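In case you want the letters, here they are:
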Amino acid sequence: MMRTTMNQARCSCASVKRSGGILLVALLFPLAAFAQVSVTATVDRPRIGFGESLSFTITVQGSQSTPSPAIPKVDGLVFAGPAVNTSMSIVNGVMSQSVGLAYQVTPTRTGEFVIPAIEVKLGDNAYRTEPIKIVVEKGAPQTDLSQKVAVRIQTASQQVYLGQTASLNVLVFARADVPLKGFAGFNHEADGLGYKYDPNVKSGTHVEGGVSYNVFIIEGVISPTRTGKLNFGPCVVKGQLAAERRSRSGDLFERFFGRVEVSEVPFTMDAVPIEVLPLPGEGRPADFSGAVGEWKLDVTAKPGDVNVGDPITLTIKVSGNGNIDLVPAPKLTGLDEFKTYDPTTKTTKNELNSAGERVIQQVLVPKSAGVKRLPDVRLSYFDPVAKQYKTAAHPPLQVNVKPGAGGQAAIVSGGGRVRPEEKLGHDIVYVKGAPGPIALVFPPVAFWLFNATPVVALLGALAWKRRVDRLRGDIAYARRSRAARNARKQLVAASDCQQVQHALQAYLGDRLNIPASGITASVAGERGLPGAVREIFEACDAARFAGASADVASLKQQVEQVIDELENADR
């Protein structure tokens with residue numbers, strides 16, 4: 001008898017727990033809808049060392065929507081991400097969900113920075129975060145590896161001229177016993193120096209003081225954009241160190257082959273001063289236009305034997321060491337005897353823009369038979385190695401210009417060569433005086449229809465292909481296009497409130513391009529959807545969780561009306 005009573009009590013308790021669970025869920029749903037929405041921004045550390053990264057997180061509390069804020073550009077900071085995470089909490093009987101967007105922020109220089117206030121839109125409401133100040137300092141002191149690894153720069157001189165392209169390599173010296181396997185990053189400061197580097201690290205060996213070092217070289221160049229005493233650095237090179245992990249399991253296989261762990265260790269270098277000098281005013285040619293480097297000219301002209309009105313192509317090639325982007329087209333003098341056209345230019349340069357070539361082609365048309373030579377070609381530049389201005393010049397090329405047809409000087413008009421008079425119907429291609437018998441085959445209307453049909457077919461095919469390509473490449477457009485059709489199919493097969501609600505969620509998910517499972521009455525309110533959507537969700541939730549009665553046919557009709565209303569709004 002006692003056993004029977006205990007079993008009954010357990011059944012009664014289980015029933016109470018199930019009822020309480022249903023009641024709790026029914027109560028939490030409306031409470032969640034009224035949870036207060038807030039948006040905050042935080043960082044995991046307000047002060048970091050140069051070469052490190054911090055985490056910047058935007059948290060939306062009290063909403064299930066995932067925002068897409070526009071992260072502003074902050075000079076000196078690089079944002080990567082975001083990584084999205086969601087969580088749920090119950091505080092004082094109120095259930096709320098939060099969405100976090102985590103960004104990795106990496107500084108490109110030291111100093112103080114401010115991440116400004118960021119606007120986050122949720123439905124019809126807009127929220128703003130508070131500005132956050134962060135400080136980036138020089139890297140933390142190195143470990144005892146600082147005695148074995150050193151970072152230095154290699155440059156021909158720490159004194160360069162404005163616009164000069166000079167090599168500046170960053171060298172990492174690691175003692176032979178340091179297991180440095182590679183590099184994971186390179187951060188540097190070089191404001192005003194126009195620094196560029198090759199990400200492919202080269203390696204070699206070096207012996208200093210009887211100690212053998214492995215040398216890793218990051219090749220780069222500077223091309224200063226302003227004068228004064230500028231700094232290259234500080235720099236941080238993240239090295240990858242390999243260390244053998246000891247096996248504690250006693251496994252013979254692990255002890256024989258071993259295991260290697262790789263860790264990242266930053267190696268730092270203090271700032272190095274670079275003095276940038278202005279270009280000297282003494283000895284500057286009148287036609288100097290900013291070219292700095294070591295340049296040479298190569299000039300050719302074809303053809304050299306022409307008639308008056310025939311074009312001559314003058315090809316000028318400038319090549320050498322320096323920033324080719326600063327080299328203008330060479331000056332041409334004595335163009336009065338020629339008709340000229342705009343030149344064409346082709347520029348090639350290496351990856352670091354420390355050497356290049358520019359080819360200019362100039363079309364010249366002689367106006368008379370008295371022309372004997374082409375114009376002079378000159379280029380004035382500043383040689384930073386010789387520390388003086390120089391002029392590259394090519395002597396004028398000789399040409400032979402003969403008179404036009406009939407021994408008379410031809411008249412050049414419009415830049416084209418004068419041709420002899422053509423007799424109608426006697427040239428290779430001539431203008432016909434009559435349309436010929438083909439015009440009698442097709443009447444005018446049939447002729448135009450015959451010619452228009454391929455055009456119409458082509459336009460239709462292009463429109464169809466464009467739609468297919470968009471459906472394949474634009475997921476949001478594809479989901480929106482099929483939203484109503486798929487939802488109506490689900491409504492036809494729906495037999496209870498849960499299936500009706502799933503059909504509505506699927507439609508809204510496809511229409512808004514968001515996960516359908518996360519759409520609730522509160523999300524519908526935030527998205528500015530019609531009030532009927534919220535009513536349908538509440539009726540379905542009451543029927544599913546509180547046992548309220550619901551007319552499935554009426555709910556299906558309401559969903560149909562919502563779909564029609566939203567689809568008609570797009571037209």
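Look up a bit, the structure's there.
Because the structure is predicted, anything quoted here is derived from the model rather than measured.

So, how was this worked out
Residues numbered from 1 in each chain as written. Predicted model: local features only at pLDDT ≥ 70, side-chain atom pairs only at ≥ 80, totals over all residues. Heavy atoms only, no water. Core = buried A, V, L, I, M, F, W, Y, C linked by side-chain atoms within 4.5 Å. Buried < 20%, exposed > 50% of the residue type's maximum accessible area, 1.4 Å probe, protein only. Helix = DSSP H or I, 4+ residues; strand = E, 2+ residues; numbered from the N terminus. Contact = heavy atoms within 4.5 Å. Pairing = 2+ DSSP bridges. Axes fitted to C-alpha atoms, helices over the stretch in contact; angles between N-to-C directions. Patch = residues over 30% accessible without salt bridge, like charges linked within 9 Å, V, L, I, M, F, W, Y side chains within 5 Å. Areas by Shrake-Rupley, 256 points an atom, 1.4 Å probe, with all protein chains shown as cover. Salt bridge = Lys/Arg side-chain N within 4 Å of Asp/Glu carboxyl O. Expected span 1.5 Å × (residues − 1). Bend = angle between axes of the 7 residues up to and from the residue. Arc of directions from axis to C-beta. Polar contact = N/O pair within 3.5 Å; in protein donor to acceptor, adjacent residues only side chain to side chain.

Draft legend 1. The arrangement of the nonpolar core in detail. Counting 29 residues, the largest nonpolar core has Leu180, Leu193, Tyr195, Ile222 and Phe232 as its most contacted members. Among the secondary structure elements, those contributing two or more residues to this core are strand E10 (149–155), strand E12 (166–175), strand E13 (180–188), strand E16 (211–218), strand E18 (228–232), strand E19 (235–245), strand E20 (259–269) and strand E21 (272–277). Per-element tally for this core: the top contributor is E12, with five residues. Those residues within four positions of Phe232 in sequence are excluded, and the remaining contacts are Ile153, Leu168, Val170, Glu189, Ala190, Leu193, Tyr195, Met269, Asp270, Ala271, Val272 and Ile274. Among the nonpolar cores identified, the runner-up in size contains 26 residues, and Ala484, Ala503, Leu555 and Leu566 belong to it.

Draft legend 2. Structural detail: the sheet that holds E18. Taken in spatial order, the three strands make up an open sheet running E11-E21-E18, and their pairing is mixed. Each edge of the sheet is formed by a strand with only one pairing partner; in this case those strands are strand E11 (159–161) and E18. Geometrically, the sheet is characterised by an average inter-axis angle of 35° between neighbouring strands, direction not taken into account. Here five bridges tie E18 to E21, and the two strands are oriented antiparallel to one another. Bridged to Asn231 within E21 is Pro273.

Draft legend 3. Representation of a nonpolar patch on the surface. A contiguous nonpolar surface patch, about 390 Å² in accessible area, is contributed by Val455, Leu458, Leu459 and Leu462. Looking at where Val455 falls in the secondary structure, it is placed in helix H3 (residues 444–473).

Draft legend 4. Fine view of helix H4 (residues 475–493). The end-to-end C-alpha distance of H4, which contains 19 residues, comes to 26 Å, matching closely the 27 Å that a straight helix rising 1.5 Å per residue would cover. At Ala483, H4 is deflected by roughly 45°, the largest bend along its length. Of the positions making up H4, those classed as buried are Tyr477, Ala478, Arg479, Ala483, Ala484, Ala487 and Leu491.

Draft legend 5. Highlighting the sheet that holds strand E6 (residues 111–115). Taken in spatial order, the three strands line up as E2-E9-E6 in an open sheet, and their pairing is mixed. The sheet terminates laterally at strand E2 (47–49) and E6, the two strands that pair on one side only. Taking the axes of each pair of neighbouring strands and ignoring which way they run, one obtains an average angle of 25° across the sheet. Relative to strand E9 (residues 132–137), E2 runs parallel, the two being bridged by three bridges. Bridged to Arg47 within E9 is Val135.

Draft legend 6. Representation of helix H8 (residues 552–569) in the model. In this model, H8 (18 residues) spans 26 Å end to end at C-alpha, consistent with the 26 Å of a helix rising 1.5 Å per residue. Inspection of H8 places Leu555, Val559, Val562, Ile563, Leu566 and Glu567 among the buried residues, and these make up the whole buried set. Taken end-on, H8 shows its buried residues confined to a sector of 125°, consistent with a single buried face. Residues of H8 that are exposed and point over 90 degrees away from its buried face: Ala553 and Gln557. The N-cap residue of H8 is Asp551: its side-chain oxygen and the backbone nitrogen of Ala553 are 3.2 Å apart.

Draft legend 7. Here's a closer look at the pairing of strand E8 (residues 125–128). Judged from the four bridges that link them, strand E7 (residues 119–122) and E8 form a sheet pairing that is antiparallel. In the sheet register, Lys121 faces E8, and the bridge partner there is Ala126. Hairpin connection from E7 to E8: two residues lie between these consecutive antiparallel strands, with Gly123 at a positive phi of about 65°.

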